[in-house]
Amino acid sequence: MLKTFLIGIKDLRLAFRDRAALTFMLAAPFVLTLGLGLVTGRFSGNANTGITNIPVIIVNLDDEQLGDALANVFTTEELAELVEPTFSEDAEAARLLVDEDQTAAAIIIPAGFTQSVIPSQDSFAAGNVELQQNIQIEVYANPSRPTSAGIIKSIVDEFMSRVEEGRVSGQTSILQMILTGRITPQQAEQAGLEMGERLQNSPDTDALAITLNSTTADGEAAQFDILAYLAPGMALMFLMYTVSYGGRSILAEKTQGTLPRLLVTPTNSTQILGGKVFGIFLTGAAQMLILIGATTLFFQLKWGDGIGVVVLVLAAVFGATGWGMLITALARTPAQVGSIGTAIMLIFGIMGGSFISLDQLPPFVQTIAKITPNAWALDGFTTLGLGGTLTDLSAPITALLSMGMILFLASVLLFGKKNLVQK
Amino acid sequence: MTSILQVQNLSKNYGEFTAVKGITFDIKQGEIFSLLGPNGAGKTTTISMLSTLYAPTSGDAIVDGHSVTKDPMGVRNVIGVVPQDLALYEDLTARENLIFWGQMYGLSGQPLKNRVDEVLGQIGLMDKAKDRVKTYSGGMKRRVNIGVGLLHKPKVLFMDEPTVGIDPQSRRAILDTVKDLNKQGMTVLYTTHYMEEAEELSNRVGIIDHGDLIAIGTQKELTQQVGETETLILHISENDDPAALATAFKGIKEVLEANVINHEISVITPSAKDVLASVVSKANERGIKIHSIDIREPNLEAVFLHLTGRALRD
Ligand SMILES: Nc1ncnc2c1ncn2[C@@H]1O[C@H](COP(=O)(O)OP(=O)(O)OP(=O)(O)O)[C@@H](O)[C@H]1O
Ligand SMILES: [Mg+2]
């Protein structure tokens, strides 16, 4: 037991002395969180991107709630520095201005855009709500100004994702209420319009921070910081790096001769393997806690309930360590662990929602994503970010612990067939 | 003297290949015993079985009363192992390495600290103890590698070619350390393919070749097997062909063996002064200039040559 502990501490120390490992464990997730935070405008309130007065031309052919809301986004205080919008009625002329490099992008809001998003009374009556064609907003970008055009595009994308959020939740709940006979189609249209107005009126203080409005039981909207999603997403992705790094060190100790040397000391192989696993666990937990501390300190990010965060971190690291062991048990050389580990890190990162919110992925991916510690843990961190506590985490924690347990058993069986002694 | 290590018919197969072929020998308490043999002779395989890393295919060995097959933990407590290849954590300092390995031998607290200081002094690395091992020279790493094997004051120390690939100064230091340890009462099993090391260090030598222990005894006993012989070592120019000359030497009546070792020709004969003239004239016939000739008393090299017909070093 003591030796297991000592071997784990030794591995923790070695990991934190390895520059390359530190880059991946701490620097990469931190910098990526920062970068994604900038892209999504989390810091736009005070961060200066160095780009100002991007010319953009807006053609609003919709002239209803949503079209106006989008046009208004570009005239808000926050964007006054960043963009310089002009308005036009002529889509062709606007495109021409882009082609002539007069402006960075043209935003064309087609007629009927609002209608396509917020269903009217007629369409509800006809029962074809789900058949609604979604009319696309066009961002006609200037290829010679990729950065500026990219910023304009991301502003529109953000707006759209907010509309999308509102539409999906609004539509399903309205539909449900109609189906259960709680409201009439007439009332439904009213509700839809209100939703549109909410969107239109909201671009006030934090127009650009994506806020997921999750309505709690008593109808109060809890604000959710987008970084509370990005930061754990990145941390969890690079947690997968750490566990494969730890796994690789098991095979590396074999090739560098320290494992055989351990085996001729009065230490049995269970203690040694246990120590290695404990080392992976310790390193992963240290990594997560440092990242949580750093993002709290530097980004004023609120991770939520402290006990919940710690327990969730431990469960997530446990589940991830299981994967690290499985990779190690399957690989033959340290280099193989490295490459399989990197592949799994990226795949799990994408499937587990580190880059794209899981909700936006196809349903079958959402199902497969359940094998990743990332998806479960991210789910837990989102719950905590929205104000949940440990008691709300029973599903992700149970899943992560069972995952770890099953993977450990599998890798122990596989390790049994593997000769850790001979080169 | 009582024996502390008894090797009984020990064998090891790697698949079809037999690396160690049923060797039997004893090591007495307090002696330095050398296993001398060329590359691939089975030295490391033997040490690996004696240190309980590999299970023997057959046979057994008893170390201080513990069987390597039946009581490996008992064996591990009384042995120290210095592996042929460095086995250290390069990102830890020398002191941290020693502390970690000491902990694996069950040491802790103040006794561990004291012992680590002692060992650092012994291997002469006190002033470098705070540097990471990866910043060390090859010779310094070797010394740390040895230090790890000494921490728990083992009764028997296994050293597998501890001087391979280092500068003469470090080698000197290591050989002196081995002698010191032995003076303090440690029994040492030392493997090498350097005849000089075996000659300098050992009370007794076992010669191992192709997995067989082909001779065992004190240096004197072994050299007597070769009979009353002397060895001439001829140094010739790089450009000349030593093999042809060696073959020519075999034609001389008094020459027992003539072999090429590292561009030198070694000639074994009952009497050096009797063959000297013929050797020189053979060289002259071929227009080969002899730079120098050494005459040596019978040595382990000659014994190996005598037993196998091959040179110890290739
Ligand atoms: N794990 C292994 N699998 C298969 N063959 C092996 C293995 N280890 C060693 N051998 C073979 O067994 C023989 C003895 O090897 P061993 O390492 O014991 O020799 P050695 O005397 O220590 O040589 P060296 O002086 O080169 O260290 C060699 O022919 C080697 O190729
Ligand atoms: Mg060897």
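Cut-offs used in this document
Every chain begins its residue count from 1, and numbering advances along the sequence as written. Chain labels run from A onward and ligand labels from 1 onward, assigned in the order the entries are written. Thresholds applied to this predicted model are a pLDDT of at least 70 for local features of residues and 80 or more for the giving and counting of side-chain atom pairs; totals over whole chains, interfaces and linings are not thresholded and use all residues. Excluding hydrogens and water, the side-chain figures rest on all heavy atoms present in the structure. Here a helix means four or more residues in a row that DSSP labels H or I, a strand means two or more in a row labelled E, and each is numbered from the N terminus. With a 1.4 Å probe rolled over the protein chains alone, any residue whose accessible area is under 20% of its type maximum counts as buried; one over 50% counts as exposed, and the rest are partly exposed. Note on definitions: a residue-residue contact is assigned when non-hydrogen atoms from the two residues lie within 4.5 Å. The charge count includes Lys and Arg as positive and Asp and Glu as negative, but it does not include His or the ends of the chains. Every charge is mapped to an atom, namely NZ of Lys, CZ of Arg, CG of Asp or CD of Glu. Salt bridges, as used here, are contacts in which a Lys or Arg side-chain nitrogen is within 4 Å of a carboxyl oxygen on Asp or Glu. DSSP bridges decide pairing: two strands pair if at least two such bridges lie between them. Interaxial angle, 0 to 180 degrees, is taken between N-to-C directions of lines fitted to C-alpha atoms, where a helix line uses only the stretch in contact. Sodium, potassium and calcium take a 3.2 Å donor cutoff, other metals 2.8 Å, and in both cases only N, O and S atoms count; water is not among them, so sites may look incomplete. Counting of polar contacts relies on pairs of N or O atoms within 3.5 Å, with two restrictions inside protein: one atom must be capable of donating a hydrogen and the other of accepting it, and residues adjacent in sequence are counted only when both atoms are side-chain atoms. Confidence per residue, as judged by the predictor, is encoded in pLDDT with a range of 0 to 100. We call a set of buried Ala, Val, Leu, Ile, Met, Phe, Trp, Tyr and Cys residues a nonpolar core when their side-chain atoms join them within 4.5 Å.

Visitor: What am I meant to see in the overall build of chain B here?
Guide: Helix and strand counts for chain B come out as eleven helices and 14 strands. Taking the principal axes of the C-alpha coordinates as reference, chain B spans close to 75 × 45 × 40 Å. Going through the 314 residues of chain B one by one, you find that 53% of them count as buried. Partitioning the contacts of chain B with sequence separation of at least 6, the portion at a separation of at least 24 is 69%. Taken together, the 33 basic and 40 acidic charged side chains of chain B have centroids lying 5 Å from each other.

Visitor: I tried to follow the pattern of salt bridges on my own but got confused; where do I start?
Guide: All names here are of chain B. The tally for this structure, following the rule as stated, stands at 22 salt bridges over all chains. Between E200 and K179 there is a salt bridge; the shortest N-O distance is 2.6 Å. With E200 in helix α7 (residues 195–201) and K179 in helix α6 (residues 168–183), the pair connects residues that are 21 residues apart, well separated along the chain. Residue classification places K179 among the partly exposed positions, given a relative accessible area of 28%.

Visitor: Would you mind showing me how to read the sheet that holds strand β1 (residues 54–60) of chain A here?
Guide: As a general point, the strands of a sheet are linked pairwise by backbone hydrogen bonds and lie either parallel or antiparallel. Residues and elements named next belong to chain A. A sheet is described by the order of its strands in space; here four strands give the open sequence β2-β1-β3-β4, paired in mixed fashion. At either margin of the open sheet sits one strand with a lone partner, and together these are β2 (83–88) and β4 (138–141). Neighbour-to-neighbour, the strand axes of this sheet turn through a mean angle of 20 degrees, independent of strand direction. Where strand β3 (residues 105–109) and β4 come together, four bridges link them in antiparallel fashion. Each residue of the ladder has a partner; that of A105, found in β4, is A141. Most of the contacts of helix α3 (residues 65–73) go to β1, to which it runs at about 165 degrees, and overall it touches β1, β2 and β3.

Visitor: Help me understand the coordination of the magnesium ion (ligand 2), please; the structure alone is not making it clear to me.
Guide: Each pair of donors in an ideal four-coordinate tetrahedral metal site encloses 109.5 degrees, whereas pairs in an ideal six-coordinate octahedral site enclose 90 or 180 degrees. All names here are of chain B. For the magnesium ion (ligand 2), the full set of protein donor atoms is T44 (OG1) and Q84 (OE1), at a range of 1.8 to 2.0 Å. Taken together, the residues span a long stretch of sequence, with T44 in helix α1 (residues 43–50) and Q84 in the loop between β6 (79–82) and α3 (94–104) at a distance of 40 residues. Judged by its relative accessible area of 23%, Q84 falls in the partly exposed class.

Visitor: Looking at this structure, how should I read the side chain of E197(B)?
Guide: All names here are of chain B. Tracing the sequence through the fold places E197 in helix α7. A polar side-chain atom of E197 sits 2.5 Å from a polar atom in the side chain of T163. In this structure, E197 is in contact with T163, R171, L175, Y190 and T192, ignoring residues within four places of it in sequence.

Visitor: Is there a simple way to explain the confidence of the model for chain A in this structure?
Guide: Do not read the predicted coordinates in detail wherever pLDDT is low. Residue and element names in this part refer to chain A. Across chain A, the average pLDDT comes to 79, with 76% of residues at or above 70. Contacts of residues 45–50 to residues separated by more than four positions or lying in other chains number two contacts, the stretch itself having pLDDT below 50. The low-confidence segment residues 202–223 (pLDDT under 50) makes 32 contacts with residues lying over four places distant or belonging to another chain.

Visitor: Which parts of the structure should I look at to understand the sheet that holds strand β11 (residues 230–236) of chain B?
Guide: All names here are of chain B. Spatially, β12-β13-β11-β14 is the arrangement adopted by the four strands of the open sheet, whose pairing is antiparallel. Each of the sheet's edge strands pairs with one partner strand only, and the pair in question is β12 (257–261) and β14 (290–296). Along the sheet, successive strands turn relative to each other by an average axial angle of 20 degrees, direction set aside. The pairing of β11 with strand β13 (residues 264–269) spans six bridges and is antiparallel. Counterpart to L232 in the pairing with β13 is V267. Its contacts with the sheet put helix α10 (residues 272–285) on β11, β13 and β14, and the angle it makes with β11 is roughly 25 degrees.

Visitor: Even after reading the chapter, I still don't get the nonpolar core, so can you show me in this structure?
Guide: Across soluble globular proteins, nonpolar side chains show a tendency to be buried alongside one another. With 71 residues, the main nonpolar core has L5(B) and F158(B) as its most contacted residues. If we skip the residues at most four places from it in the chain, L5(B) touches F25(B), D26(B), I27(B), L50(B), I62(B), V63(B), V156(B) and F158(B). Grouped together as the second largest cluster of nonpolar side chains are 68 residues, M237(A), L312(A), V313(A) and W376(A) included.

Visitor: Teacher, can you tell me more about the pairing of β3(A) here?
Guide: If a strand is regular, its side chains alternate between the two faces of the sheet. Residues and elements named next belong to chain A. Of all five residues that make up β3, five are buried, and the element is covered over most of its length. Burial of β3 is two-sided: the residues A105, I107 and I109 facing one way and the residues A106 and I108 facing the other way are all buried. As defined by bridge partners, β1 adjoins β3 across five bridges and the pair is classed as parallel. Each residue of the ladder has a partner; that of I57, found in β3, is A106.

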